[in-house]
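# Secondary and tertiary structure notes
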Amino acid sequence: GGLWHGASWNFLIWGGYHGALLAIERAAGVIAPPSTWRWYDPFRAAATFLLVTIGWVFFRAVDLSQSAAILHQMFNGPAGPSLLLPWHIGLVLIALGVALAEERWDAVERLMAAPSWAYAAALAAMLFCLEVFGVVDEAIPFIYFQF
């Protein structure tokens, strides 16, 4: 899968890493999420998010030195000011709460059946979060234009 995306060490590492995680998951017998919620499920979700995020560093970075620098900053903190402000972290925690509510109580399906004002407010909040986190100072080229 990694080589399909490009001929570089980063894509090769990403593909091998992703494949290894999938193999470990299959070997551990994890086929589908259980139908009942367990107290440690949020920790499993956080571990999955962390492992996938580490893999995406290799997918997006230009070369191995940039991948190493990004991973160093991820686990040791940035040398300069942080890119995330406290209210960004608050929005992320709210999103995590919504995701957990969806897993536990089917909150999104219930919201879709709620009054139209509640549904519209939820959509407006989602679009606001997309706008806040989607704004960048420079244009990022589409990754497949490299081929």
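This text follows the structure it describes.
About the thresholds
Residues numbered from 1 in each chain as written. Predicted model: local features only at pLDDT ≥ 70, side-chain atom pairs only at ≥ 80, totals over all residues. Heavy atoms only, no water. Helix = DSSP H or I, 4+ residues; strand = E, 2+ residues; numbered from the N terminus. Contact = heavy atoms within 4.5 Å. Areas by Shrake-Rupley, 256 points an atom, 1.4 Å probe, with all protein chains shown as cover. Phe/Tyr/Trp six-rings, centres within 6.5 Å; stacked < 30°, edge-to-face > 60°. Buried < 20%, exposed > 50% of the residue type's maximum accessible area, 1.4 Å probe, protein only. Expected span 1.5 Å × (residues − 1). Patch = residues over 30% accessible without salt bridge, like charges linked within 9 Å, V, L, I, M, F, W, Y side chains within 5 Å. Salt bridge = Lys/Arg side-chain N within 4 Å of Asp/Glu carboxyl O.

Along the protein, the regular secondary structure elements total seven helices and zero strands. If you list the helices and strands of the protein from N to C, you get α-α-α-α-α-α-α. At a minimum sequence separation of 6, the contacts of the protein that also span at least 24 residues come to 58%. Accessible surface computed for the protein: about 11,500 Å², of which carbon and sulfur atoms make up 72%.

Now for the packing of aromatic side chains. Two numbers describe a pair of aromatic rings. These are the distance of the centres and the angle of the planes. Within the structure shown, the criterion is met by six aromatic pairs. Where Trp39 meets Tyr40, the ring centres are 5.4 Å apart and the plane angle is 85 degrees; that geometry is what we call edge-to-face. We classify Trp39 as exposed; its relative accessible area is 64%. Here a set of aromatic residues connected by ring pairs shows up, and it is made of Phe11, Trp14, Trp56 and Phe59.

For the rest of this paragraph, the subject is helix 4 (residues 64–76). With 13 residues, helix 4 should reach 18 Å at 1.5 Å per residue; the first-to-last C-alpha distance of 18 Å fits that figure. Directly after helix 4, the chain includes Gly77, whose backbone phi takes a positive value near 90 degrees.

The first and last C-alpha atoms of helix 3 (residues 41–60) sit 28 Å apart over 20 residues, in line with the 28 Å expected at 1.5 Å per residue. For helix 3, the complete set of buried residues consists of Asp41, Ile54, Gly55, Val57, Phe58 and Phe59.

Side chains of Ile94, Val98, Val108, Met112, Tyr119, Leu123, Met126, Leu127 and Leu130 sit close together on the surface and give an oily, nonpolar patch of about 840 Å² of accessible area. Among the elements of the structure, helix 5 (86–105), helix 6 (107–112) and helix 7 (116–134) are those that each provide at least two residues to the nonpolar patch. Broken down by element, the nonpolar patch gets its largest block of residues, five residues, from helix 7. Inspection of the secondary structure assignment puts Leu127 in helix 7. On the basis of relative accessibility, which here comes to 52%, the residue Leu127 falls in the exposed class.

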